[in-house]
Amino acid sequence: MIETTLHPRQATEPGMKARAGDPSPASRIRYRFAVAFIIVTTLVVFIPLNPEMPDKGITQEWLSAMKQFHSQTERSLWREGARLDPSWIFALNAAAARRLKFGKQIIFTGGPYAAIYTRSFHPSTDRLMIFGSLLLGLSYAMALLYLGLDRKLSIVLAFMLFLNAFPQRDALLLSYPLLLVVCALKFANAKTPSQRPTIPSWMVFTMGAMLSGLGLLPLIKGSLLLPAILGMVLVGAILFSSVPRRQALPLFVVAPLASVVFWIVSGQSLFDFPDFIRNTMWLTSGYTDAMSLTWISSPRFMGIAFVIIYLIMLALIWVSLFRCALLSSRSRWMLGFVSTVFLLVAFKHGFVRSDDYHLLIAVVSLAIALFILSLFYVDRYIIGSLVALLIIIVGFSLCKDPTLRMGSIWKRAPGILARITCESTVQSYVDGWEGLRSRLSDSGSLRKRFEVAMSNIQEEYTVPVTEGSVDIYSYEQAIPIASSLSWDPRPIFQSYSVYTPELAQTNEQHVRGASAPEWVLIDLHAIDGRLPLLEDGLSWPALLDNYAFHSFDGQFILMHRNDAIRGKSNMEVVFQNRQTLGAMVSMRESEGPLFAEVDLEPTLLGRLLTTLLNPPQLNMLVKLRDGSSGKYRVIANMMKTGFIVSPLVRNTEEFALLAKGDKRFEEDAKVASISIEPSYGGSVFWARTYTLTLKKYHSAQGSSESGVVNKDH
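Residues numbered from 1 in each chain as written. Predicted model: local features only at pLDDT ≥ 70, side-chain atom pairs only at ≥ 80, totals over all residues. Heavy atoms only, no water.

## Quick notes on the overall build of the protein chain
What the protein chain contains, in helices and strands, is 26 helices and 17 strands. For the protein chain, the proportion of its 713 residues judged to be buried stands at 57%. Considering only contacts in the protein chain between residues 6 or more positions apart, those separated by 24 or more positions represent 78%. Just so you have it, the protein chain exposes about 30000 Å², and 61% of that area is on carbon and sulfur atoms. (Helix = DSSP H or I, 4+ residues; strand = E, 2+ residues; numbered from the N terminus. Buried < 20%, exposed > 50% of the residue type's maximum accessible area, 1.4 Å probe, protein only. Contact = heavy atoms within 4.5 Å. Areas by Shrake-Rupley, 256 points an atom, 1.4 Å probe, with all protein chains shown as cover.)

Structure (structure tokens):
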């Protein structure tokens, strides 16, 4: 038997609690206490009152361990196990603080309000982080209370405690559009199509505040753009059918208008807003192919099991929707559609990287979706799926606890679970209280902690530059920022994020333009076993053209900008032909570096499958003249704009030799042949053939060449 809770009186009066007769004073106190506790808990989850401090990520201990490995295989294994450099968090805050233009000077998955997601402190962005988080927290709490009016509030509180115990920022922000759509559907289902009563002004204001949060989401993280737009459209359509047009129209434009207002308040120019949206879409479009991983943290069969469970639960959501006779046909389809899109985005969040952290994002997102739906209508399929999912989440957390042993799993699991959940939940309240107390009693305490963190980064590495603008490759942006230098980053400041040809060209033009940074630091790191010079591949010839080797201290290469800037590299095409995927291709003789462009297209089916699932990884087998070989991951979109294929540069030391023009290194590291093939799937995902273009790179011969721009120092 299906139970539903769609009561007109409760839906049109969201400030009232369902109860029979006059409640006793004790009931009123309990009710108000529950409401207050839910609001406080939601704010604790959302607002980083005690934020994180900047971190460089790659420590000296990591670098020392790297130097102990001598073979390329050992180094590759160590690099693959290293986490992604977190200094992008600091870089986004620094970019917002310095009023760099997002969408032009800074292109990344985070926007000017990224601190709301990262929970990281910067003196100049702290207010934006707190007030933005406050808006989202209050809006989330109001939406939950509205949906939970005809339920026991203890269920809503249990949900917030779950989010405290298993904190997943991605899942929390991603669920906001779904939550508002469900609220709008509940509001609309409380009326017949002919009923369009004027709603009170206070309710219009509340709805406007909640919708403004949708406009904030894309400015926090680019991957929230699609869910936010979908939420805006669906909520607007629902309101147009359930409230008078004179009230629906202003509410319909609240979210996009709020997005523009938040953009301007952050110090950004309105004229840069379209560039921010467009480049965010470029980044999102290339993310799956570039950042996907095989199942590195779980056996492959477990990964397949996760996918199957995900699909089964999505199917159960649709079954439960069509079993609910009290939902209108429009509500069923709309709710099914938004749930599918939400879970697809959550699926991509979790299964593209496929490590423990990202898998938990997908699973927690699914649990949040099921809980939100259960507040709208109750069905045994929804409740059963939710219970099963909670068991999976708990089991997943227990498996990762280092103190749990198989022999004592039944005895120790309850205690470990209690410890994990209690410690995480209590710590959230403690952090919130400590942050609030320090902000009220000592307004400068956070700034002092920030300065200590900056000093710690400076102590790890002292930049040998005292003046002039500086950029750093491949990442580790925290180093020049913490050193109080004139930080002048390329637009896509993390080389592993240059997913598409358009982004590669943007970065290249930065080091070929009149405002190219005076100094460049290089510490060559490639993530996920990639070919090192593939990341930012188009920029490496530009750096060799326009910068001269200055020094190498064992960790960083320091290069200084030339007096004249070459607007284009001097390259000569020496080979161009179609090649078969998987076949070995001999390289052409070349006195200098050889530049390769690979045009490999996915099949139509491959494009579709990549939208839904992880594509097979492309690997390049590189054989040197001396008989040695190496296997590296390559990205199709990155190969289109080209990369230095020979000599094979595997680390920072070897790039230093290339930058100095060491002929012996160039000869020893010459590539004899290459082959490109997918890890699986073959012609199902990728075309059978690709176009390979080889170009001989000619080094700069002076400022008299064409395309040279003189620099004034």
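From this point, the narrative continues.
## A short note on the side chain of Q268
Within the secondary structure layout, Q268 lies in the loop between α12 (245-265) and α13 (273-291). A relative accessible area of 6% means that Q268 is categorised as buried. Among the polar contacts listed, one links the side chain of Q268 to the backbone oxygen of L100, at a separation of 3.1 Å. Apart from residues lying up to four places away in sequence, Q268 is in contact with L100, K101, F102, P112 and W263. (Polar contact = N/O pair within 3.5 Å; in protein donor to acceptor, adjacent residues only side chain to side chain.)

## Section: the packing of aromatic side chains
For the structure on display, the rule yields 24 aromatic pairs. Ring geometry for F108 and F493: centres 4.8 Å apart, planes at 25°, overall stacked. Remark: F493 occurs in the loop between β4 (486-487) and α21 (501-510) and F108 occurs in the loop between α5 (87-97) and α6 (115-118); sequence separation between them is 385 residues. Of the two residues, F108 and F493, neither departs from the other in class, the shared state being buried. With centroids separated by 5.9 Å and ring planes inclined at 15°, the aromatic side chains of W318 and F322 adopt a geometry described as stacked. Of the two residues, W318 and F322 are both situated in helix α14 (residues 300-323); the distance of four residues between them amounts to about one turn of the helix. (Phe/Tyr/Trp six-rings, centres within 6.5 Å; stacked < 30°, edge-to-face > 60°.)

## Looking at the sheet that holds strand β16 (residues 689-698)
Read from one edge to the other, the open sheet built from four strands follows the order β9-β16-β11-β14, with strand pairing classed as antiparallel. One side of each edge strand has no neighbouring strand; the edge strands of this open sheet are β9 (570-580) and β14 (643-646). The average undirected angle you get between the axes of adjacent strands in this sheet is 35°. In this sheet, β16 lies alongside β9 in antiparallel orientation, the contact comprising 10 bridges. Residue pairing for β16: Q576 is matched across the bridge by T693. (Pairing = 2+ DSSP bridges. Axes fitted to C-alpha atoms, helices over the stretch in contact; angles between N-to-C directions.)

## Considerations on unusual backbone geometry
At the junction of Y473 and S474, the peptide bond is cis and its omega measures out at 0° in the coordinates. In this structure, S474 sits in the loop between β3 (469-473) and α20 (478-482). A cis geometry characterises the amide bond from S646 onward to P647, with omega recorded as 5°. Positive phi values are uncommon outside glycine, yet R99 reaches one of about 60°. Mapped onto the elements, R99 comes out in the loop between α5 and α6.

## Let's talk about the environment of L178
Take L178: it is sitting in helix α9 (residues 169-189). As a C-alpha pair, L178 and A369 span 191 residues in sequence and 7.6 Å in three-dimensional space.

## A few points about the sheet that holds strand β13 (residues 629-634)
Read across the open sheet, the four strands follow the order β10-β15-β12-β13; overall the sheet is antiparallel. Across the chains shown, the open sheet's two edge strands, defined by having one partner strand only, are β10 (585-586) and β13. Of the strand pairs in this sheet, strand β12 (residues 618-624) and β13 are connected by six bridges, and their pairing is antiparallel. Across the sheet, M620 pairs through a bridge with Y632, a residue of β13.

## Notes on α13
Along its 19 residues, α13 runs 26 Å from first to last C-alpha, staying within 8% of the 27 Å computed at 1.5 Å per residue. Buried within α13 we find F273, D275, F276, N279, T280, L283, G286, T288, D289, A290 and M291. (Expected span 1.5 Å × (residues − 1).)

## Description of helix α22 (residues 539-546)
Helical geometry note: an α-helix holds 3.6 residues per turn, so side chains three or four residues apart project in the same direction. With respect to burial, α22 is a largely interior element, eight of its eight residues being buried. Every buried residue of α22 is accounted for by S539, W540, P541, A542, L543, L544, D545 and N546.

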